[in-house]
4 protein chains.
Amino acid sequence: MKKNIKIAYIGGGSKQWARVFMSDLAVAEDLSGEIALYDIDLEAARRNAEIGARINRNPAANSKFTYRVCPRIEDALENAGFVIISILPGTFREMRSDVHAPEKYGVYQSVGDTVGPGGILRAMRTVPIYEGFARKIRDICPNAWVINLTNPMSICIRALYDVFPQIKAFGCCHEVFHTQTFLTRVLKELRGTDISRRDIYTDACGINHFTWITEAKYQDIDLLSLLPEFMDRFYEEGYYEGADRFAFRTDPFAYGNKVKLDMYRNYGVLPAAGDRHLAEFVSNLWYLKDPETVRAWQFGLTTVDFREKQQSDRIAESIAMADGTMPFPVEKSTEEAADLIKALLGFKTIVSNVNLPNQGQMPQMPLGSIVETNCVFSNDQVKPVVSRKLPSAVANLVYRNCVNIDTTYEGIKERDLSKLFAAFVNQPLCSSLTVGQCRELFGEMCRSTREYLDPYFDLDHYFLY
Amino acid sequence: MKKNIKIAYIGGGSKQWARVFMSDLAVAEDLSGEIALYDIDLEAARRNAEIGARINRNPAANSKFTYRVCPRIEDALENAGFVIISILPGTFREMRSDVHAPEKYGVYQSVGDTVGPGGILRAMRTVPIYEGFARKIRDICPNAWVINLTNPMSICIRALYDVFPQIKAFGCCHEVFHTQTFLTRVLKELRGTDISRRDIYTDACGINHFTWITEAKYQDIDLLSLLPEFMDRFYEEGYYEGADRFAFRTDPFAYGNKVKLDMYRNYGVLPAAGDRHLAEFVSNLWYLKDPETVRAWQFGLTTVDFREKQQSDRIAESIAMADGTMPFPVEKSTEEAADLIKALLGFKTIVSNVNLPNQGQMPQMPLGSIVETNCVFSNDQVKPVVSRKLPSAVANLVYRNCVNIDTTYEGIKERDLSKLFAAFVNQPLCSSLTVGQCRELFGEMCRSTREYLDPYFDLDHYFLY
Amino acid sequence: MKKNIKIAYIGGGSKQWARVFMSDLAVAEDLSGEIALYDIDLEAARRNAEIGARINRNPAANSKFTYRVCPRIEDALENAGFVIISILPGTFREMRSDVHAPEKYGVYQSVGDTVGPGGILRAMRTVPIYEGFARKIRDICPNAWVINLTNPMSICIRALYDVFPQIKAFGCCHEVFHTQTFLTRVLKELRGTDISRRDIYTDACGINHFTWITEAKYQDIDLLSLLPEFMDRFYEEGYYEGADRFAFRTDPFAYGNKVKLDMYRNYGVLPAAGDRHLAEFVSNLWYLKDPETVRAWQFGLTTVDFREKQQSDRIAESIAMADGTMPFPVEKSTEEAADLIKALLGFKTIVSNVNLPNQGQMPQMPLGSIVETNCVFSNDQVKPVVSRKLPSAVANLVYRNCVNIDTTYEGIKERDLSKLFAAFVNQPLCSSLTVGQCRELFGEMCRSTREYLDPYFDLDHYFLY
Amino acid sequence: MKKNIKIAYIGGGSKQWARVFMSDLAVAEDLSGEIALYDIDLEAARRNAEIGARINRNPAANSKFTYRVCPRIEDALENAGFVIISILPGTFREMRSDVHAPEKYGVYQSVGDTVGPGGILRAMRTVPIYEGFARKIRDICPNAWVINLTNPMSICIRALYDVFPQIKAFGCCHEVFHTQTFLTRVLKELRGTDISRRDIYTDACGINHFTWITEAKYQDIDLLSLLPEFMDRFYEEGYYEGADRFAFRTDPFAYGNKVKLDMYRNYGVLPAAGDRHLAEFVSNLWYLKDPETVRAWQFGLTTVDFREKQQSDRIAESIAMADGTMPFPVEKSTEEAADLIKALLGFKTIVSNVNLPNQGQMPQMPLGSIVETNCVFSNDQVKPVVSRKLPSAVANLVYRNCVNIDTTYEGIKERDLSKLFAAFVNQPLCSSLTVGQCRELFGEMCRSTREYLDPYFDLDHYFLY
C-alpha cells in the first residue's frame, strides 16, 4: 500500500539536487502524492515540474507524483507533510564578494559558504529569510517534517528552531557519506574486500562540514586502524574516492584527502568531510595560505567563475531534460533524503547522521548548539544518539567553530554588527589578519552586499562609529 | 558464514533463563562456538550442559554450541567474547528476610529485589560479588561484552562500571517488552488490528523497573492517545496482556494493569513495567498498603514460599530435560539477548532499551547514574539514544529513586552503614514508617542476613553506636 | 553623607515586619528618603505611616524618612530604588482551608504556607498576583532591587524572574539566622563562650525553609562537631534558642530542636530552619503523624485561630502605636533587610543567605530552580556563592521538594490543574494518603477557596473530568 | 591575641616576592610563628632567613616570625598550616629556549610562561615537580592551605587538585589588581576623584592572565561606561597606570594599555591583565607579529637577557639586605596573600579573585578546569562566587585557551607527547605557523630542554615516529 504524501519544495527550481530527489522518490515503491515546487525563479520551478512529468512517464518510476508549481509559498506549505528547503541566498554577485573579496587580504577560501568571512556574510543574508520560513511553517504546517539542505547548515537549523521551537526539522549533508566511501576504499586497497558504505558502522560527531569519525568498523575490522598502513602507501601521492587522484587539478570539488589524513595523523580521529571543507575550520595558514599551498595539499579553490559556468551548463541541461532532448536516468542515487522520509513514514528504522540542536548527544558542545551526530529515524521520530567523546584537542577545534557559529547567529538575530564582528575576527580563516584588517574587510564585504543587508542591519551607523 | 564465539555464563546453573537463552542461540543461524557455564552450584551447571547437548541434537537447532562446565570462573572468562551474568546473591533464607521481614512493620513488597528494604539488603549482598566479577573481567577478558540479568539491575551495572570504567557492559530487562505487548493489545481491542510489539516504535526512559513510555506509534496511530478509550472499557475490571484478567489471583507474576493505568491517568505518560514492579517505586500506602489493597489493585505479592516451590519444580524440570524424559522445545523466545549479541557481532542494527550509565541520554538524571533508554546496537557498539523528556512530576518520582539507588551504591562501596540507612529511610516503600521504625527494621534485616554482610560491613559497631 | 532612596513597600499595612523594618531604617545612619506604603488594606497602611512619623520624632532615629500612603501601586513604584513585597494572599478564611482541611484526612501541617497541601493552594492564590507585580516592576522601575518576604518564598521568586528575567530580586528569610543563633548556644552550653551569630561562618544551602548547614566555624572550632556532645546532654529534654524549652507548649512558633537534631543524627549535616518548617519537607508520618506525635517532638501546630488572635492583637498594638498610647522602641533588630540595602548601596560588603535562581551555586539542583545559599552583597550586586555539596541522601530529600515546587509553579503558570495534582500527590506531607484520597482532598481545598482561583483555573472542568 | 602559625615556603629563596611577603606578615598585627624556607638554592633561602631576622628587628614590625631554613621539604611541611609555593622550574637556559626558540619561526612571546610554545614547555617541566609537592602535602600536612604563585598558574593548580583532590589550594595573581588600579585612574583622569582599588567592586572571571572584568562600580558610577570617553582622550598616546606612558620603552613589564583597550572596544568587556599577558592569548599576528608591531602597541618583549640581569641585581640586593648594607623598608605592599591568610584564620571576610577548579562559578567553562573568579575568604573557607556570564565571543576566546590548557595538562599527566603536540598546534600564538613548522619547533624545544624532560617523556620514540 502506497502512502500518499505532500512535499513542499522551497527552492524548487534547484538545478541539481531537485532532480536527484525526484528520481529517488520515483524509484521508491511505497510512496505517491504531490510535490509543490516554490521558487523565486518561477521558470526554473516550471522546468523541474516538466522534468517531473517526464520521470512519471519513465517505466523505471515505481511511484508517480503530481508536480505543481506554486508562485506563493503559502500554497506550497498548505497540508505539506514534508518541507524541503534548498535555496541560494542572494545572487552570484554576492557570492563573488563572499568568496573573493578576502583574497585581497591574503585570505583564500575553498568553499566560502559555511564559516570564514564568506560563511558569515552568507549567513547574514540567509537567516532573515529563514526566520520567515519558520514563521510560515509554524502557522501553516506545524507538524510537517522539515529537511534543510541549504548552507550555512548549522545556522539555518538554528534559526528554524529559534523562531519555532516545536519545529520538526533536521539538516542533511552527504559529506560524511563520502568519507564512509573513502573508508571502504581503504579496505579495498589494503585487503581487496569490496563493500558499500552501508556495510560499515561509524560513530561520527561534530558540526556540519567538520564532523569527525571516532569509530569505524566493518565486521571485525577497525577501519581507522588501517589508516597508518594506508598512509604509508598513498599519503605522498594523494588518494581520491570520487575519481582519479589528479581530478583536483580540474575539478574544484575533488581532492586528494591529504588534509583529512594530515588531521588524522595529528589527532588520531578522522575528519569526515571533503578536504575543501575541512581546511576552512582551521588556521588559514595551514592549508589555505595561498593558491600554491592549496595545490600542494591537492585540493582546489572553488571560484565563482566556475560556479557560474556550472550553473549555466545545468540550466541548459534542465531545459534539455524538460523538453526531452536530453534523457534523464531514473535511478537510486547515493543521497539519503528519500530514505529518511520513508523511515519517518514508518517503513523502516535507519541510523544516519544529521544536524540537530544538541540535547545531550554531544556533551562536549553547548546545549542548543547545532551538532551533527548519528540519529535514529523511525516512525515520525528523529532521536539523536549520544556520540563517543572527541579527544580534547579536537573538541577544542570544534568548540571554537561551534561558538563562532552561535555568536554569528546571535549577532544576526539581534541585528548586532559588533557581535558579528567579534565572530568574524575569531574565524580560523582570519588567522593571518590583524583586528584592523578584519575591520576593513568586514566593512567592505558588508558594503558590497548591502542590497541584501540594509533591510536588517544599520551598516552606516556601525561603520562610521 | 557462521561466527565463532565464546560465551561465559556466570550463574550458568540458572534454572530458567539459561534454557531460553540456549534455545535462542540454537535457532540463530549465524553463530557457533562455546558456552562456558560457571556456577557455585556445579551440579546445576552440569544439568544445563546436558540440556545444551540435547539441544544440539534437536533438528530445529540451526547452530551447535559446545557446552563446558567450568568450576573456576577464570576458565570460563578466558577468551570470552561475551559474558552473561545471572546470579542469585544468597539463598532463599536471605530472600525470605528481604521480602518478609518488613511485613511485621506493615511494609509489603510485591517483588523485593529492586528498591525498598529488600532491594537495599539484596544490593548489599550483591555488590561485593560484582566488584569481584568486574576485576576478573578487567584482568581476563577486558574486551568482552557483558550482559547483566541480575537484580538489582541498576546497582549491578553501576558496580561493574565503577570498578572497571572501560567495561563494555549493559543490562537487559524484558519489562518494557511486556508493556509494548500490552500496547499491541490495546490496539487489537479497540481497532481489531493484530500486530507484534516489534511493529511499534516507542521512546522509553527511566530507571530499571520504573521506565516510562513517552511516545508509542504504530503507523499513523499514537497508541498512548488510545488509552482513555481503553480505560473506559477495561479499567474497572482490569486487563492482563499475559493471560486472562484473573490470572493474578493465582499467579503472582500476573497483574491487571490497574496500577499502570492509574499512573498513566495521573501523569499522562505510561510506566513500562509490570504492576508489581511499579508499585514498589511509590509510597507503599498507594498500592501496597496491605494484602487487601494489593488484591483490589489486581496484582499479587510474590512470596518466598512460592519462589521455593517454583524453584524445586524447575529443578525437577531441568533434571527431566537433562536426562531426556521431558522434551525441550527449541524455538525463538521473546527475549532479546541473542538478538543483541548478533547485532554486536555486526549482523544487523537494532534499537532496543537497555540499562547503561547516563552519558547524556537522560538529561534529567545525574550523569553516571544507571538509566534505561533506547540504545542502538550495531557492530561492536552500544550507543544510547537521547530520550524525550519526562514530565517534571514523573521526573521527580524517577529522580528520587535514582538518587536512592546511587546513595545505596555509595553506601555499599564505602561500606558505610549510615549512608545506607539514609537511603533506606528515603525509600518510598518506607513511607508509612517513622525514622525510628526504619532503624529497627534495618537493623533486624542486617542481622538476619549477617552471614553475607559480615565480611564487608561492621554491623556491631554501627548498631551499637 | 546620607544616600537618598525611595522604597516602595507592597503590603505596607503589614502588622509586624513593617515596624521592624522602619525601625531598622531609622537607626541606620547613612540613609534618608521616602517610603511609599501600598496595601489593599489602606487603613493599615495609614497606621504604619503614622507610626513612621512617630519614629521620625524619636531621638534614637538617626535617619528621617517620609512616609507616604499610595492607594495605587503604580505611584508607589514610580522612581523606587527598592521594592519590599510582603503580602498575605487571601484571607484567614482561605488560610483556614489551607491549614486545616487536610486534617480530616489525617494530614497535619505545622505551618502550611510553604509546601504540602497548604503550600500548593497558597501558591495558587499568590502566583497570579506576583505575575502582576513583576509586570508593573518591569514597566515602572526595572532597575529597582526587589526584596521578597512573602511565602511561599521560592515560588514567589520564581514567578518574578519568570515574568521579568532581568529583575533584580531576591528573597530574605530569617530561619537560617535562628539556627546560627542555636549554634552559638551550643558553644555557650558546652564551652561557656558567649558569641553572636555574626561571629560564626556557615555554609548553608538548600531551598527556603529546608536549608542545610554543611559547615559552621567559630575561630578554630568546628561547631557541627560539638553536636554529639550537645545531644548527649540536651537531646532528651529538648532545647530552644528563643526561650525556655517548654515554650512550645504555648507558643506555636517555639520548638525544642528535636526534629533538627534527629535529622542531624541521620544525615550528618544540620537543617537550618525551625522544626515546624523542617517537619513539612519529609513524610508526614515522621514528625507530624498526629497532634500527640507533634507534642512528643516538642513543637506545635500553628492554628488559624491562633493566627487570627495574634493578628487582632497586632492591630490593636498598631493603633496604640500610631496614636502614641503605646511606646515603640526604635532599635536595631536581628533582621537583615536594612543591612542588605546598605550593602547594595555600596556602604559595605556582606555575605548572607538569600533565595535566588540557581545559576550554578547549587550544582546538585536544576538550573533555574530557586535555591537558598550564601550570596555576596555589595555595590548594586548580589552574587551567589557556590555552596559545598550536600550528602547525596540529603540532596535527594531537597531535590524532591525542589522539583515539587517547580512542578507546582509550572502548573500554576500554565493554569494546568493536572500538573498541580501531580505535585500535590508527590508532597511528602501526603505520604499517608492514597492517590484517591489526594484527589478528594485537592478538590475540596480548591473548591473551598475558589473565589481566589476561579479567575485563573477551570475548576469545574477539571474536577468533573 | 596573636595567632601562632607555621608557614612552609617552597621556593623560599625567592629573590623578590618572598621579601614582599615577609614584610606584609611583619606589619600584620595578629600573627606570629615560624616560616620554614625550603629551596633547592639553599644559599638563597639562607639570605632570606637573614633578611627575615633583620625585619624582626625593625621597629615597624608588629609581628615577629622565626625564620628557619629547611634543606628537606619534609621538614618544611611538617605541621605547616600554610604552604606557599613559588618556584622557577629549570634554569635560565631552559627559559631561553622557551622564550626565544620560537622567534626563529616568527613567533614572538612577551612573557612565554603561561600559554604559547613557552608556556607548554614550562608546564612540561613544572607538572612533574608539582605532582611530587601534592603527594608530600597529602602525606605530611593535608589540612594546610596551599597558596600557589608559580606559573603556569592554571596548570600548577590543576596538578595539585588532580593528585590530591582534598587539597585546600588556590592560586594568587596580582594582574586583576593592576587593572582595578587602572580603573581608578580612569576615574581620576575623567572626574578628578582619587580612590583606591579597594574602593571599587568588580566582577571578574576567566582564566589566569586572561581574566575579564564584566562589571566595575564605584558608588553609583559604572566605571566601564567611562572607557569610551577615556579612549577619546588617551587611546592614541597610550596610558600606563604604573608609571609614565613611555615606561614600556625601557621596562618590559610596562605597557600603554592599548591592547587592553582595543579588546574592550571589540568585545565590550575589559580584559584584566597586563597587555604583555593579554597579547599571548590571541593570534600572534594581532599584537605580537614582530618587534615593530609590539612597539607600536606600546608594550615590550621580556627577554631572558633582561631577566638574567634583573636576577643578578636582585641577588646583589638580597646580599646587601641580608648583611644590612641596604635598608629594607617594612611596610604593607599591594599584594594580598597576607590578607588572605588573615581571612582564612578567621580575622575577617574578604572577596578577592583567585584561581580554583571550576565547581559552577563559571558555567561557561568545563567543570574541573581552573578558572579565576571572585571568591569569598573567611574562617578556613574559600568559596567561589558565581560570575556574570561573558559575552559569547569572549567566552569562545577564553574557552579555546582553557581547553588548550586542559589538553596540555592531560598530555603531561599521561606523558603523551602527541596530545601535547595537539595543544601546541592549537595555541593562538602559533597562528602563523603551519602544522609542519609546529612539529619542527616543538621538537627543537623539547630537545633543547631534554635534561628536564627525559625522566618523564620518551622524546626519542616520539620524534622518530
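Above this note sits the structure.
Report follows, based on the coordinates.

Here is what the cut-offs are and how they apply
Residues numbered from 1 in each chain as written. Chains lettered and ligands numbered in written order. Predicted model: local features only at pLDDT ≥ 70, side-chain atom pairs only at ≥ 80, totals over all residues. Heavy atoms only, no water. Contact = heavy atoms within 4.5 Å. Buried area = accessible area lost by both parts, 1.4 Å probe. Salt bridge = Lys/Arg side-chain N within 4 Å of Asp/Glu carboxyl O. Polar contact = N/O pair within 3.5 Å; in protein donor to acceptor, adjacent residues only side chain to side chain. Helix = DSSP H or I, 4+ residues; strand = E, 2+ residues; numbered from the N terminus. Nonpolar A, V, L, I, M, F, W, Y, C, P; charged D, E, K, R; others polar. Axes fitted to C-alpha atoms, helices over the stretch in contact; angles between N-to-C directions. Parallel < 35°, antiparallel > 145°, perpendicular 65-115°, else oblique. Least-squares fit on C-alpha atoms with pLDDT ≥ 70 in both. Buried < 20%, exposed > 50% of the residue type's maximum accessible area, 1.4 Å probe, protein only. Pairing = 2+ DSSP bridges.

What follows is about the interface of chain A and chain D. Taken together, the 30 residues of chain A in the interface contact 29 residues of chain D. The three residues of chain A that bury the most area against chain D are Asn266, Trp286 and Asn396 of chain A, which together make up 23% of that side's buried surface. Here chain A is connected to chain D by zero salt bridges. Counting across the chain A and chain D interface gives 14 residue pairs in polar contact (both at pLDDT 80 or more). Listed by contribution, the elements that provide at least two residues to the side of chain A that touches chain D are helix 9 (258-267), helix 11 (284-287), helix 15 (392-413), helix 16 (417-425) and helix 17 (435-448) of chain A. For the side of chain A that touches chain D, the per-class residue count stands at 13 nonpolar, 12 polar and five charged.

All names here are of chain D. Following both chains from N to C, one finds helix 4 (residues 92-100) and helix 13 (residues 304-322) inclined at 150°, their axes separated by 9 Å at the closest point. Classified by the interaxial angle, the pair formed by helix 4 and helix 13 is roughly antiparallel. Residues Phe92, Met95, Arg96, Val99 and His100 of helix 4 lie in contact with helix 13, whose contacting residues are Val304, Asp305, Arg307, Glu308 and Gln311. Here the contact of helix 4 with helix 13 is built from residues that sort into four nonpolar, two polar and four charged.

All right, on to the relation of the copies chain B and chain C then. Structural alignment of chain B on chain C gives an RMSD of 0.0 Å, achieved by rotating through 180° and translating 0.0 Å along the axis. Taken together, these values place the two copies in the relation of a two-fold axis. Most of the interface of chain B is mirrored in chain C, where 100% of its interface residues are also at the interface.

Following the criterion strictly, the structure yields 150 salt bridges over all chains and no others. Measuring nitrogen to oxygen at the nearest pair gives 2.5 Å for the salt bridge that ties arginine 388 of chain A to glutamate 215 of chain A. Placement of arginine 388 of chain A in the loop between strand 13 (381-384) and helix 15 and of glutamate 215 of chain A in strand 8 (residues 210-218) is noted, with a sequence separation of 173 residues between them. Residue class for arginine 388 of chain A comes out partly exposed when judged on its relative accessible area of 40%. Among the salt bridges present, the one from aspartate 305 of chain C reaches arginine 96 of chain C, with a minimum N-O distance of 3.0 Å. Of this pair, aspartate 305 of chain C sits in helix 13 (residues 304-322) while arginine 96 of chain C sits in helix 4 (residues 92-100), placing them 209 residues apart in sequence. Linked through salt bridges whose partners overlap, the residues forming this network are Arg197, Arg198, Lys332, Glu336, Asp339 and Lys348 of chain B.

All right, on to the arrangement of the chains then. A gap remains between chain A and chain C, with no contact made and the closest C-alpha atoms lying 13 Å from each other. Considering only C-alpha positions, the minimal separation of the non-contacting chain B and chain D is 13 Å.

Moving on, we get to the pairing of strand 11 (residues 350-357) of chain B. Residues and elements named next belong to chain B. Most of strand 11 sits inside the fold, with seven of its eight residues counted as buried. Across eight bridges, the pairing between strand 11 and strand 12 (residues 370-378) is antiparallel. Residue pairing in the sheet places proline 357 in a bridge with isoleucine 370 of strand 12.

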